[in-house]
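Here is how the chains run, residue by residue.
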Amino acid sequence: MRLAVWAFVLGALSFTEGCHRRRRGGGRRAETDPRKRYATGCVDPRYVYAPPTPVPNGGGTAPRSPVTVHAGTQYIHAWAAAEGVFAWREGTAEPYHIATRSPEGGVTGAAAGDRAVLAWKDGSSGLVSVVTLDAQGAAAWSPTLGSGRNLALAASRTLIALVTEEGDGEEARVVLRLHSREGRALANPVSVAPREAAHDPAITWTGARFVVAWRTGSETAGAIRMATVSPEGERLSEPVDVVRPRTPVGAPSIAWGAGRVGVTWADRAEGDPALHSTAVDLTGRRLGEPQRLSARYRMDARASLAWDGAAFGVVWWEPVGGGVPRAYGALVGRDGRRIETEMRWWVEGDVAMREPAVVWDAPDYVMLALRGADGIELRRTGPRLCDMPL
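## A look at the sheet that holds strand β25 (residues 325-332)
The strands making up a sheet associate through hydrogen bonds between their backbones, and the pairing can be parallel or antiparallel.
And step 1. Strand order in the open sheet formed by 5 strands is β1-β26-β25-β24-β23, with mixed pairing between adjacent strands. Of all the strands in the sheet, just β1 (47-48) and β23 (304-307) have a single pairing partner and so form its edges.
And step 2. Two elements, β23 and strand β24 (residues 312-319), share 4 bridges in a ladder whose sense is antiparallel. Across the sheet, the residue bridging to Trp-307 is Phe-312, located in β24.

Have a look at this one:
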């Protein structure tokens, strides 16, 4: 039935250029922008179109916080559930059941060369657990990482950086720990912002240093802040503001590309919760004015973004008119401003789509999201988000 619906949709929208892709030849230097390198056309510029691939959930129920890691030639898709933590290597029949207790919060992931790294806070012991997966299987290590919360991971080919929020209220701090891929501690833990309350950290690797962002402030006014840390675990900069609206702020998401950091967050500058984006350099200098991406957002939600060589692909979810949640996507330029408009994920029927995550694997965006009550769905779409790869 689903295939028949897709055939009908594509046929009905055949007035567009189609979805054919070809690589440009002639021996010329490749363009940076994938939308110039690959000849594609949108099925319908209002929607993220891509045939959904159901992900086996291993019998887990109430999945949450899905994450996709592209490590070498393998894709690892992971999520938390009532029954623990699951990780599915794309192309295999069933996921690994890598933890049997439901974690506190969600799962975070990063690629360290050809290894996927996953971390979560054990819901029973309260300690952080870490697993690495390569083509041969899974290997777990549980260093002394304490009982931090709101975890985030970034990695180089040889380093794994984990940031956690530790302490409560005004005493909350963001702490970074560096380890080798085998779990050996490489430096003492470093407090990224030792003199201010910091919550909900995010982290990305630039190729030379780690960038950490977090939210701070009160219930009436907040800020998104950032700082940089060296591969040796030393603070390279003092915290600086990314944005400081006169309103509470939600958790940031960040990604690195072309010498800049793409940042998304929620605030109430226009009254209702809205998702915003911007781009900054490593000093925190904004490269454009903040852009509102959505006006129906949730303050407790978090977007996902990936750099494709010329723009950031951003995906998020929100309730529509207070009803069924929908997933959305948009392209954001080098200055942090939206390119054209947002696109809603096309789905059959009145089905909730939540918590999408995205990575870039030229020439496609690879996206994972929760579908309905217990479903998990994988999609691939071209560099315009509204085009569909063959």
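So much for the structure itself; the text now carries on.
## Remarks on the packing of aromatic side chains
And step 1. Scanning the entire structure with this criterion turns up 7 aromatic pairs.
And step 2. Between Tyr-47 and Tyr-49 the ring centres are 5.7 Å apart and the planes differ by 70 degrees, which places this aromatic pair in the edge-to-face class.
And step 3. Here Tyr-49 falls in the buried class, since its relative accessible area comes to 3%.
And step 4. Ring centres of Tyr-49 and Trp-346 lie 5.8 Å apart, and the angle between their planes is 25 degrees; on these two criteria the pair is classed as stacked. With a gap of 297 residues between them, Tyr-49 in the loop between β1 and β2 (53-54) and Trp-346 in the loop between β26 (338-345) and β27 (353-361) connect regions that are remote in the sequence.

## Quick word on the nonpolar core
And step 1. Counting residues in hydrophobic clusters, the biggest one holds 18 residues, and the most contacted among them are Leu-176, Val-192, Ile-203, Val-212 and Trp-214.
And step 2. Contributions of two or more residues to this core are made by β11 (149-155), β12 (159-166), β13 (173-180), β16 (210-217) and β17 (222-229).
And step 3. Grouped together as the second largest cluster of nonpolar side chains are 17 residues, Tyr-365, Met-367, Ala-369 and Leu-385 included.

## Side note on the pattern of salt bridges
And step 1. Inspection of every chain in the model, using the stated rule, returns 26 salt bridges.
And step 2. Of the charged contacts, one joins Glu-196 and Arg-225 as a salt bridge, the two residues approaching to 2.6 Å between their closest N and O atoms. Of this pair, Glu-196 sits in the loop between β14 (190-191) and β15 (199-205) while Arg-225 sits in strand β17, and the two are 29 residues apart along the sequence. The same class applies to Glu-196 and to Arg-225, which are both buried.

## Some details on the pairing of β13
And step 1. β13 sits mainly inside the fold: 8 of its 8 residues count as buried.
And step 2. What you see with β13 is no split at all: Arg-173, Val-175, Arg-177 and His-179 on one side and Val-174, Leu-176, Leu-178 and Ser-180 on the other are buried throughout.
And step 3. From the end of β12 to the start of β13, which pair antiparallel, there are 6 residues, and Gly-167 there has a positive phi angle of about 90 degrees.
And step 4. Sheet topology note: the β13/β14 ladder contains 2 bridges and is antiparallel. Residue pairing in the sheet places Leu-176 in a bridge with Val-190 of β14.

## Describing the state of the cysteines
And step 1. This structure, assessed with the given rule, holds 1 disulfide.
And step 2. Here Cys-42 engages in a disulfide with Cys-386; their sulfurs sit 1.8 Å apart. One end of the pair, Cys-42, is in the loop between α2 (34-37) and β1; the other, Cys-386, is in the segment after β29 (375-381), with 344 residues separating them in the sequence. One exposure class covers both Cys-42 and Cys-386, and it is buried.

## Some points on unusual backbone geometry
Glycine aside, residues mostly have negative phi, and peptide bonds are mostly found in the trans state.
And step 1. In this model, Ala-362 is joined to Pro-363 through a cis peptide bond whose omega is 5 degrees.
And step 2. Topologically, Pro-363 is positioned in the loop between β27 and β28 (364-371).
And step 3. Although it is not a glycine, Ser-65 sits at a positive phi angle of roughly 45 degrees.
And step 4. Examined against the element boundaries, Ser-65 turns out to sit in strand β3 (residues 64-71).
And step 5. Residue classification places Ser-65 among the buried positions, given a relative accessible area of 16%.

## Quick notes on the environment of Leu-305
And step 1. Note on placement: Leu-305 falls in strand β23.
And step 2. Residue classification places Leu-305 among the buried residues on the basis of a relative accessible area of 10%.
And step 3. Between the C-alpha atoms of Leu-305 and Trp-256, which are 49 residues apart in sequence, the distance is 9.5 Å.
And step 4. Not counting residues within four places of it along the chain, the set of residues in contact with Leu-305 comprises Ser-253, Ile-254, Ala-255, Gly-262, Val-263, Thr-264, Phe-312, Gly-313, Val-314 and Val-358.

## Details of the pairing of strand β21 (residues 274-280)
And step 1. Burial analysis of β21 places 7 of its 7 residues in the buried class, the great majority of the element.
And step 2. Here β21 shows two buried faces, one formed by Ala-274, His-276, Thr-278 and Val-280 and the other by Leu-275, Ser-277 and Ala-279.
And step 3. Pairing of strand β20 (residues 260-267) with β21, which is carried by 7 bridges, proceeds in the antiparallel orientation. Bridging across to β21, Val-263 finds its partner in Thr-278.
And step 4. Taking the residues that link successive antiparallel strands as the turn, the β20-β21 hairpin has 6 residues, and the phi of Gly-271 there is positive, at about 110 degrees.
And step 5. Relative to strand β22 (residues 291-294), β21 runs antiparallel, the two sharing 3 bridges. Looking at β22, one finds that Leu-275 is bridged to Ser-294.

Parameters at a glance
- Residues numbered from 1 in each chain as written.
- Predicted model: local features only at pLDDT ≥ 70, side-chain atom pairs only at ≥ 80, totals over all residues.
- Heavy atoms only, no water.
- Pairing = 2+ DSSP bridges.
- Helix = DSSP H or I, 4+ residues; strand = E, 2+ residues; numbered from the N terminus.
- Phe/Tyr/Trp six-rings, centres within 6.5 Å; stacked < 30°, edge-to-face > 60°.
- Buried < 20%, exposed > 50% of the residue type's maximum accessible area, 1.4 Å probe, protein only.
- Core = buried A, V, L, I, M, F, W, Y, C linked by side-chain atoms within 4.5 Å.
- Salt bridge = Lys/Arg side-chain N within 4 Å of Asp/Glu carboxyl O.
- Disulfide = S-S within 2.5 Å.
- Contact = heavy atoms within 4.5 Å.

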